[in-house]
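Okay, here's what each chain looks like letter by letter:
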Amino acid sequence: MACTALNSKDFNVLWIKVNKESSESIALSSGNKLIVNDPRLSLRQDMNSNRYILQINDIQETDASVYRCDVVIGINHKISAYTELIVRRPPFIYDNSTRSFVVKEGQLVQLECYAGGYPSPRISWRRANNAILSIGASMYRGNILKMPAITKEDRGTYYCVAENGVGKGARRRISIEVEFAPIITVLYTSLGQVLRANLDLVCHIEAYPQPAIAWLYNGIEIHNNKHYSISHSTTSDEISDTNLQIITINNHQYGYYTCSASNVLGSTEMTINVYEALLPECPPVCD
């Protein structure tokens with residue numbers, strides 16, 4: 001910052017840092033000498049043009065202020081000129097912004113994001129892979145994203161993005177898990193198989209937390225034995241598949257098989273009717 005003071009040879013020139021939020025001021029230099037011991041400050045005087053150049057290295061946020069150049073004429077008289085130093089700062093997200101959490105389906109959810117920096121950052125919300133938000137768009141601008149009644153489809157990763165044109169911006173990752181009662185789907189509700197062949201019954205289950213899974217035959221729970229083989233597989237925290245294999249099916253094994261799933265939010269079941277067929281079910285017999 002340069003201050004040119006013409007016809008000031010016989011007067012003292014000062015650089016002053018003015019605190020905008022209070023009446024306090026700090027004198028930084030007097031004439032051609034610094035009076036503040038700070039290695040980031042330097043002062044240079046051009047005797048030919050009477051320019052007093054104040055240089056600040058390694059600019060920090062606290063350096064933002066009004067700087068005043070004073071020429072002291074007398075005990076009650078001075079001439080002043082002002083310049084304002086505005087420090088641009090990349091965005092940063094405050095700790096009081098929302099972090100990851102777990103919520104029950106149907107509850108009101110409010111995601112909050114607050115950021116600092118200069119200029120003031122713009123806040124936007126996005127989902128992973130640009131998935132659609134509950135508002136029906138892939139992006140929302142604003143500090144608060146509201147979901148009046150969250151659904152299981154709203155679970156996943158959200159990003160709060162703060163941008164102000166300085167640097168690359170800031171981003172916070174928020175993971176939302178939605179607890180919901182089990183949902184069961186089956187490919188067929190009725191299957192036929194010939195005697196002495198194997199038959200696989202499969203249930204696809206969505207639930208969070210993970211449910212307890214059981215198979216029942218005519219209302220009685222089935223366990224692994226020489227007639228039945230039960231297996232479970234999990235592809236994510238919310239999705240499971242359960243398989244019941246009826247081994248070399250006999251007459252007494254035809255009937256109604258029920259797949260049941262339950263967690264703290266509820267329970268559900270799906271029934272599959274197994275009947276004797278004239279032709280084998282392919283697969284697994286054809287394999």
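The structure displayed is predicted, hence computed values, not measured ones. (Residues numbered from 1 in each chain as written. Predicted model: local features only at pLDDT ≥ 70, side-chain atom pairs only at ≥ 80, totals over all residues. Heavy atoms only, no water.)

> Tell me about the overall build of the protein, residues and numbers included.
Secondary structure summary: the protein contains zero helices and 25 strands in total. The C-alpha radius of gyration of the protein comes to 37 Å, more than 25% above the 19 Å expected for a compact globule of 287 residues. If you line up the protein on its principal axes, its C-alpha atoms span 120 × 35 × 30 Å. Relative to its 287 residues, the protein shows a buried fraction of 38%. Considering only contacts in the protein between residues 6 or more positions apart, those separated by 24 or more positions represent 59%. Of the side chains in the protein, 26 bear a positive and 28 a negative charge, and the two mean positions are spaced by 13 Å. (Helix = DSSP H or I, 4+ residues; strand = E, 2+ residues; numbered from the N terminus. Rg over C-alpha atoms; globule rule 2.2 N^0.38 Å. Buried < 20%, exposed > 50% of the residue type's maximum accessible area, 1.4 Å probe, protein only. Contact = heavy atoms within 4.5 Å. Lys, Arg positive; Asp, Glu negative; His and termini not counted. Charge placed at Lys NZ, Arg CZ, Asp CG, Glu CD.)

> Pulling in residues and values, what's your account of the pairing of strand S19 (residues 199-208)?
With respect to burial, S19 is a largely interior element, seven of its 10 residues being buried. Sheet topology places strand S17 (residues 170-185) next to S19; four bridges connect them, and they run antiparallel. Bridging from a neighbouring strand, Thr185 pairs with His204 of S19. (Pairing = 2+ DSSP bridges.)

> Could you give an account of the side chain of Arg155, naming the residues involved and the relevant values?
When you line up the elements, Arg155 lands in the loop between strand S15 (144-147) and strand S16 (156-163). Judged by its relative accessible area of 18%, Arg155 is buried. A polar atom in the side chain of Arg155 sits 2.6 Å from the backbone oxygen of Lys152. In contact with Arg155, not counting residues within four places along its chain, are Arg127, Ile176, Val178, Phe180, Glu206 and Glu238. (Polar contact = N/O pair within 3.5 Å; in protein donor to acceptor, adjacent residues only side chain to side chain.)

> Go over the sheet that holds strand S18 (residues 190-193) with me, naming the residues and quoting the values.
Read from one edge of the open sheet, five strands run S18-S25-S24-S20-S21, paired in mixed fashion. Looking along the sheet, the strands with just one partner apiece sit at the ends: S18 and strand S21 (220-221). As defined by bridge partners, strand S20 (residues 212-217) adjoins strand S24 (residues 255-263) across six bridges and the pair is classed as antiparallel. The residue bridging Ala212 from the neighbouring strand is Ser262, located in S24.

> Can you explain the packing of aromatic side chains? Please cite residues and give values.
As enumerated under the stated definition, the model contains three aromatic pairs in all. One aromatic cluster is present, built from ring pairs that chain together Tyr217, Tyr228 and Tyr257. One Lys or Arg, Lys152, reaches over the ring of Phe180 and ends 5.9 Å from the middle of that ring. The positively charged end of Arg171 is found above the aromatic ring belonging to Tyr159, 4.3 Å away from the centroid. (Phe/Tyr/Trp six-rings, centres within 6.5 Å; stacked < 30°, edge-to-face > 60°. Lys NZ or Arg CZ within 6 Å of the ring centre and 35° of its normal.)

> Describe the environment of Pro211, with residues and values.
Among the secondary structure elements, Pro211 is positioned in the loop between S19 and S20. As for Pro211 and Ser262, which are separated by 51 residues in sequence, their C-alpha atoms are 5.0 Å apart. Beyond its immediate stretch of four places on either side in the chain, Pro211 contacts Pro182, Ile205, Ala261, Ser262 and Asn263.

> Describe the sheet that holds strand S1 (residues 2-4), with residues and values.
With respect to topology, three strands assemble into an open sheet ordered S1-S6-S5, the strand pairing being antiparallel. Of all the strands in the sheet, just S1 and strand S5 (41-46) have a single pairing partner and so form its edges. On average, each strand axis in the sheet is tilted by 15° relative to the strand beside it, whichever way the strands run. For S1 and strand S6 (residues 51-56), the ladder comprises three bridges, and the chain directions are antiparallel. Within the sheet, the bridge partner assigned to Cys3 lies in S6 and is Tyr52. (Axes fitted to C-alpha atoms, helices over the stretch in contact; angles between N-to-C directions.)

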